[in-house]
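Summary of structural features
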Amino acid sequence: MLYLHKNENDPLGEKIKDALQDMSAAHKQVDIEEGESFLKENEIEIKGAEQIFNYLRAYKSDLNYTQSLGADACVVRKDGDGKVC
């Protein structure tokens, strides 16, 4: 699971939140009171704007690939009139 540790007063946190929402990435937000916002996945912390946005670009690429593998499927029945779906 991807966690956004977001400081309410940190503009970086808003940019990260917007990026995650734009790509419809599943994540949970953890509010923090001090420090700069960061991402955490599987006990790995991604900190600093450059590292975070590099990570998000790669994450988006992975999401796009995964989504490209999924497709709506239909069944063509052999019995009956052969209608699709």
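Our structure is the block above this text.
First, a word on what this report is: a plain description of the structure on this page.

Criteria and thresholds
Residues numbered from 1 in each chain as written. Predicted model: local features only at pLDDT ≥ 70, side-chain atom pairs only at ≥ 80, totals over all residues. Heavy atoms only, no water. Helix = DSSP H or I, 4+ residues; strand = E, 2+ residues; numbered from the N terminus. Core = buried A, V, L, I, M, F, W, Y, C linked by side-chain atoms within 4.5 Å. Buried < 20%, exposed > 50% of the residue type's maximum accessible area, 1.4 Å probe, protein only. Contact = heavy atoms within 4.5 Å. Expected span 1.5 Å × (residues − 1). Arc of directions from axis to C-beta. Pairing = 2+ DSSP bridges. Right-handed = clockwise from strand over helix to strand, strands pointing away.

**Concerning the environment of Asn64**
- Along the polypeptide, Asn64 turns up in helix H2 (residues 49-69).
- For the pair Asn64 and Met23, spaced 41 residues apart in sequence, the C-alpha separation works out to 9.1 Å.

**Observations regarding the nonpolar core**
- Core analysis: the largest hydrophobic core is formed by 14 residues, its most contacted members being Ile16, Leu20, Leu39, Ile52, Tyr55 and Leu56.
- Contributions of two or more residues to this core are made by strand E1 (2-7), helix H1 (11-22) and H2.
- Contacts of Leu20, omitting those with residues within four sequence positions, involve Leu2, Leu4, Ala25, His27, Leu39 and Leu56.

**Concerning the environment of His5**
- By the element assignment, His5 lies in strand E1.
- Judged by its relative accessible area of 13%, His5 falls in the buried class.
- Considered as a pair, His5 and Leu39 are 34 residues apart in the sequence and their alpha carbons are 6.0 Å apart.
- Not counting the four nearest positions on each side in its chain, His5 is found in contact with Val30, Ile32, Ser37, Phe38 and Lys40.

**Here we look at unusual backbone geometry**
- The backbone phi angle of Asn42 is positive, close to 50°, even though this residue is not glycine.
- Within the secondary structure layout, Asn42 lies in the loop between strand E3 (38-41) and strand E4 (44-46).

**Focus on H1**
- Along its twelve residues, H1 runs 17 Å from first to last C-alpha, staying within 8% of the 16 Å computed at 1.5 Å per residue.
- Those residues of H1 lying buried are Leu12, Gly13, Ile16, Ala19 and Leu20. Down the axis of H1, the smallest arc covering the buried residues is 125°, so these residues share one side. The outward face of H1, more than 90 degrees from its buried face, is lined by the exposed residues Pro11, Lys15 and Asp22.
- Where H1 ends, the next residue or the one after it, Ser24, has phi of about 55°, a positive value.

**Remarks on the pairing of E1**
- Counting buried positions along E1 gives five out of six residues, so the element sits mostly inside the fold.
- In terms of strand pairing, E1 meets E3 through four bridges, oriented antiparallel. The residue bridging His5 from the neighbouring strand is Phe38, located in E3.
- Here five bridges tie E1 to strand E2 (residues 28-32), and the two strands are oriented parallel to one another. Paired with Lys6 across the bridge in E2 is Asp31.
- Note on the crossover from E1 through H1 to E2: the handedness is right-handed.

Note that all results are geometric; they support no functional claim without further evidence.
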